[in-house]
Amino acid sequence: AQSVTQPDIHITVSEGASLELRCNYSYGATPYLFWYVQSPGQGLQLLLKYFSGDTLVQGIKGFEAEFKRSQSSFNLRKPSVHWSDAAEYFCAVGGRGSQGNLIFGKGTKLSVKP
Amino acid sequence: GAVVSQHPSRVICKSGTSVKIECRSLDFQATTMFWYRQFPKQSLMLMATSNEGSKATYEQGVEKDKFLINHASLTLSTLTVTSAHPEDSSFYICSAGGGAGQPQHFGDGTRLSIL
């Protein structure tokens, strides 16, 4: 079955510290992979995506993610967290068919300590 | 970048009312739009795929007569929650995608509260 697992429900880091949010997926083939961020009461904003090619992808706001096929993972990283990064982060996978609908993980809430 | 506009952002209404939510792609044509529902502190659950000019495709467990979807043009899809009840209260989010594998662009969501 297709699924996305974000093992960490809630993570708290200090401002300036590094961050890694975990994402594992189960999919029949190589999927498209996405990370989205959601601020309270808002829609989702795309941080980055992986389609093919270089397995380390750069996104907006200083985020990056690495696709590791052997581990079925697509972890999100940021070297230095800012207070404005506090939000909910969703990992998602999409198929390579024509529909493009996404399967989302349950999200990881990031809190940032001053 | 691509922008998706969702309206209204918040609705509070009485039980039994029907509520229409609009989703517009502002700077691109979207043959496919998606409607999601998000419960508090939960992930997004796909409700249905809206296809321009044809019937929507509903996910298992979603009542098509309860959640009416119309995608009459390449820039507009609407979701109507018919005879809404308190259990329909939720955060509804639409998205529009450019096709296979292309990132979806999300609206800001609609907070629906049924009293």
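Look a little higher up for the structure.
Description of the structure in this document. (Residues numbered from 1 in each chain as written. Chains lettered and ligands numbered in written order. Predicted model: local features only at pLDDT ≥ 70, side-chain atom pairs only at ≥ 80, totals over all residues. Heavy atoms only, no water.)

Applying the stated criterion to the full structure yields two disulfides over all chains. Residue pairing for Cys23 of chain A: its cysteine sulfur links by disulfide to Cys91 of chain A, the two sulfurs lying 2.0 Å apart. Across the disulfide from Cys23 of chain A to Cys91 of chain A, rotation about the S-S bond amounts to roughly -65 degrees, and the bridge is consequently left-handed. Residue Cys23 of chain A is found in the loop between β3 (19-21) and β4 (24-26), and its partner Cys91 of chain A is found in strand β10 (residues 87-94); the two are separated by 68 residues along the sequence. For the unlinked cysteine Cys13 of chain B, the closest cysteine sulfur is that of Cys94 of chain B, found at 18 Å. Owing to a relative accessible area of 12%, Cys13 of chain B belongs among the buried residues under this scheme. (Disulfide = S-S within 2.5 Å. Helix = DSSP H or I, 4+ residues; strand = E, 2+ residues; numbered from the N terminus. Buried < 20%, exposed > 50% of the residue type's maximum accessible area, 1.4 Å probe, protein only.)

Another aspect to go through is unusual backbone geometry. Omega for the peptide link from His7 of chain B to Pro8 of chain B comes to 0 degrees, which places this bond in the cis form. Relative to the helices and strands, Pro8 of chain B is located in the loop between β1 (4-7) and β2 (10-13). Of note, the phi angle at Lys61 of chain A is positive, near 60 degrees, even though the residue is not glycine. Secondary-structure assignment places Lys61 of chain A in the loop between β7 (56-58) and β8 (64-68). Of the residues examined, Lys61 of chain A reaches a relative accessible area of 47% and is grouped as partly exposed.

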